[in-house]
Amino acid sequence: MKKYVGFVGWRGTVGTVLIQRMLKEKDFKNINPIFFSTSQIGKKNLFIQDIYPYYIKDAYNILDLKKMDIIITCQGTEYTEKVYFELRSQNWKGYWIDAASSLRMNKDSILVLDPVNNVLIEESIKKGVKTFVGSNCTVSLMLLALGGLFSKNLIEWITVHTYQAASGSGAKSMLELLQQTGIVFNNISSLIVNSHVLEIEKKVNSTIQSANFPIENFKAPLAYSLIPWIDKKMKNGQSKEEWKVQSETNKILSRTDNPIRLDATCVRISSLRCHSQSFTIKLKKDISISEIEDILSSHNPWVKVIPNTIKDTLRYLNPIAVTGTLNIPIGRLRKLTIGSKYLSAFTVGDQLLWGAAEPIRRMLHFLIK
């Protein structure tokens, strides 16, 4: 019998990408989908009416939620903290699949990225684990890109610099970036043809620094700029986004007792979609670049090694080339001058696909197959 699967948060950016992927892969034919909402209760589901031509249910109705075999939520941390523990306290035994961060480090939850930890996922299901959570977007994208080196235990430590798109902060932030860009262009468009570029730059700067420039979501201008801080501050001076890199990576790899050392500097940039990452890696042994390329490219079908040439780098190793695809290109592979065990690499991945929606879509397959 088909399982009843409840969807919450399916109208947001991650939820929309999830539904689009499920439609493309014809996943709905294998389940009985039930759609819940915190704001559209009682309305017709016009988004996918041919699949679910019924009225949308209340996402806070515990009695209706308890009827689900599986709940998938992309609604966010606040919803999870209000509903998840209430459901469990009422002895709900269903599977909870979550895109939010709230439950990631709970001892009773498993972080899911099946090209990397499919054995752990299958073993956890057999053991009766009921809570599965998508990991931090940059962590997932890093592990897919560098999966071959991790699987062969070749990494001693990594320091990573992430360049994260507005999409990582949600739909409102993406719209705010567009609004910022539009305001700047409107203020300087008449100057472009006949004015000196430094005069234009001065106008751009004064526009961005004006008191009424929209920064409600980012708390600082992002258009034509960057923000070297993401999430709240930790006691050791890291941002929480940087803290996640080591903690979540080692949980996915089942290495919390013997962790690989990782650290990060996380930066928000004015790309709409796709996160980029620059790695400095110390390897445990000296191996050639050609061997490294073979190890990386053979790990999973999505990673694509990009030759370290100007032409290939410009064409394939950027957010515009990757947006809307499952490809994980990795390039700029070279040994550093400080030693033959030190490797530099650069990767890009779609934050809304492999960074968010795809791992939880694939987790659903483990539970219904």
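Look up a bit, the structure's there.
Residues numbered from 1 in each chain as written. Predicted model: local features only at pLDDT ≥ 70, side-chain atom pairs only at ≥ 80, totals over all residues. Heavy atoms only, no water.

Caption draft 1: Looking closely at the environment of Thr207. Along the polypeptide, Thr207 turns up in helix α8 (residues 197-208). Along the chain, Thr207 and Val184 lie 23 residues apart, while their C-alpha atoms are 6.4 Å from each other. In this structure Thr207 touches Ile183, Val184, Asn187 and Phe213, once residues within four positions along its chain are discounted. Within the structure, the side chain of Thr207 is placed 2.8 Å from the backbone oxygen of Lys203, a separation counted as a polar contact. (Helix = DSSP H or I, 4+ residues; strand = E, 2+ residues; numbered from the N terminus. Contact = heavy atoms within 4.5 Å. Polar contact = N/O pair within 3.5 Å; in protein donor to acceptor, adjacent residues only side chain to side chain.)

Caption draft 2: Representation of the pairing of strand β14 (residues 342-349) within the structure. Where burial is concerned, most of β14 is hidden: seven out of the eight residues are buried. Summarising the sheet, strand β11 (residues 275-283) and β14 pair through eight bridges and their orientation is antiparallel. Bridge pairing in β14 links Thr280 to Ser344. Alignment of strand β13 (residues 328-335) against β14, held across four bridges, turns out to be antiparallel. (Buried < 20%, exposed > 50% of the residue type's maximum accessible area, 1.4 Å probe, protein only. Pairing = 2+ DSSP bridges.)

Caption draft 3: Region of the structure containing the pattern of salt bridges. With the rule as written, the count across this model stands at 16 salt bridges. The partner of Lys282 in a salt bridge is Glu156, and the shortest N-O contact between them spans 3.5 Å. Here the residue Lys282 occupies a position in strand β11, and Glu156 occupies one in strand β8 (residues 155-164), the gap between them amounting to 126 residues. Given the relative accessible area of 18%, Lys282 is considered buried. Among the ionic contacts, a cluster of salt bridges with common partners joins Arg21, Glu25, Asp27, Glu358 and Arg361. (Salt bridge = Lys/Arg side-chain N within 4 Å of Asp/Glu carboxyl O.)

Caption draft 4: Representation of the sheet that holds strand β3 (residues 57-58). Ordered by their spatial adjacency, seven strands build an open sheet running β3-β2-β1-β4-β5-β7-β6, and the pairing between neighbours is parallel. Both outer strands of the open sheet, β3 and β6 (109-112), are each paired with one neighbouring strand and no more. Bridge analysis of strand β1 (residues 3-8) against strand β2 (residues 31-37) gives five bridges, and the strand direction is parallel. Across the sheet, the residue bridging to Val5 is Pro33, located in β2. Across the sheet, helix α13 (residues 353-368) touches β1, β2, β4 (70-73), β5 (95-98), β6 and β7 (131-134), and the angle it forms with β5 is around 165 degrees. (Axes fitted to C-alpha atoms, helices over the stretch in contact; angles between N-to-C directions.)

Caption draft 5: Highlighting the packing of aromatic side chains. Under the counting rule described, the total for this entry stands at twelve aromatic pairs. Judged by centre distance (6.3 Å) and plane angle (40 degrees), the rings of Phe28 and Phe35 are tilted. Assessed through its relative accessible area of 7%, Phe28 is described here as buried. Clustering of aromatic rings is evident, with ring pairs tying together Phe7, Trp10, Phe28 and Phe35. Its guanidinium or amino end placed over the ring of Tyr95, Lys130 lies 4.2 Å from that ring's centre, counting from NZ or CZ. (Phe/Tyr/Trp six-rings, centres within 6.5 Å; stacked < 30°, edge-to-face > 60°. Lys NZ or Arg CZ within 6 Å of the ring centre and 35° of its normal.)

Caption draft 6: Local environment of helix α4 (residues 114-127). The end-to-end C-alpha separation of α4 is 17 Å, well short of the 20 Å expected for 14 residues at 1.5 Å each. Maximal helix bending in α4 amounts to about 35 degrees, located at Leu120. Taken as a whole, α4 has its buried residues at Asp114, Pro115, Asn117, Ile121 and Ser124. As for α4, its buried residues are in contact with β6, β7, α5 (137-145), α9 (240-252) and α13. The positive-phi residue at the C-terminal boundary of α4 is Gly128, with phi of around 95 degrees. (Expected span 1.5 Å × (residues − 1). Bend = angle between axes of the 7 residues up to and from the residue.)

Caption draft 7: Expanded view of unusual backbone geometry. A positive phi angle is found at Lys26, which is not glycine, with a value near 60 degrees. What makes Lys26 exposed here is its relative accessible area of 54%. For Asn91, which is not glycine, the phi dihedral falls at a positive 70 degrees. Within the secondary structure, Asn91 sits in the loop between α3 (77-89) and β5. According to the relative accessible area criterion, Asn91 is exposed, its value standing at 52%.

Caption draft 8: Molecular detail of α8. An ideal rise of 1.5 Å per residue puts 16 Å on twelve residues; α8 measures up with 16 Å between its terminal C-alpha atoms. Of all the residues in α8, the buried ones are Ile200, Val204, Thr207 and Ile208. One side of α8 carries all its buried residues, which in axial view fall inside an arc of 95 degrees. Set apart from the buried face of α8 by more than 90 degrees, the exposed residues are Leu198 and Lys202. (Arc of directions from axis to C-beta.)

Caption draft 9: Representation of the packing of α5 against α9. As a packed pair, α5 and α9 sit with axes 9 Å apart at the nearest point and diverge in direction by 50 degrees. Here α5 lies oblique to α9, going by the angle between them. The chirality of how α5 crosses α9 is right-handed. Together, Cys137, Thr138, Val139, Met142 and Leu143 of α5 and Glu241, Lys244, Val245, Glu248, Thr249 and Ile252 of α9 make up the contact between the two elements. Looking at the contact of α5 with α9, its residues break down into six nonpolar, two polar and three charged. (Parallel < 35°, antiparallel > 145°, perpendicular 65-115°, else oblique. Left-handed = near helix turned anticlockwise from the far one by under 90°. Nonpolar A, V, L, I, M, F, W, Y, C, P; charged D, E, K, R; others polar.)

Caption draft 10: Broad picture of the packing of helix α7 (residues 171-188) against α8. Viewed as axis vectors pointing N to C, α7 and α8 meet at an angle of 135 degrees, and their least axial separation amounts to 9 Å. On the basis of their axis angle, the class for α7 and α8 is oblique. For the pair α7 and α8, the sense of crossing is right-handed. In contact with Ile183, Val184, Asn187 and Ile188 of α7, α8 contributes Ile200, Lys203, Val204, Thr207 and Ile208. Class assignment for the residues of the contact of α7 with α8 results in six nonpolar, two polar and one charged.

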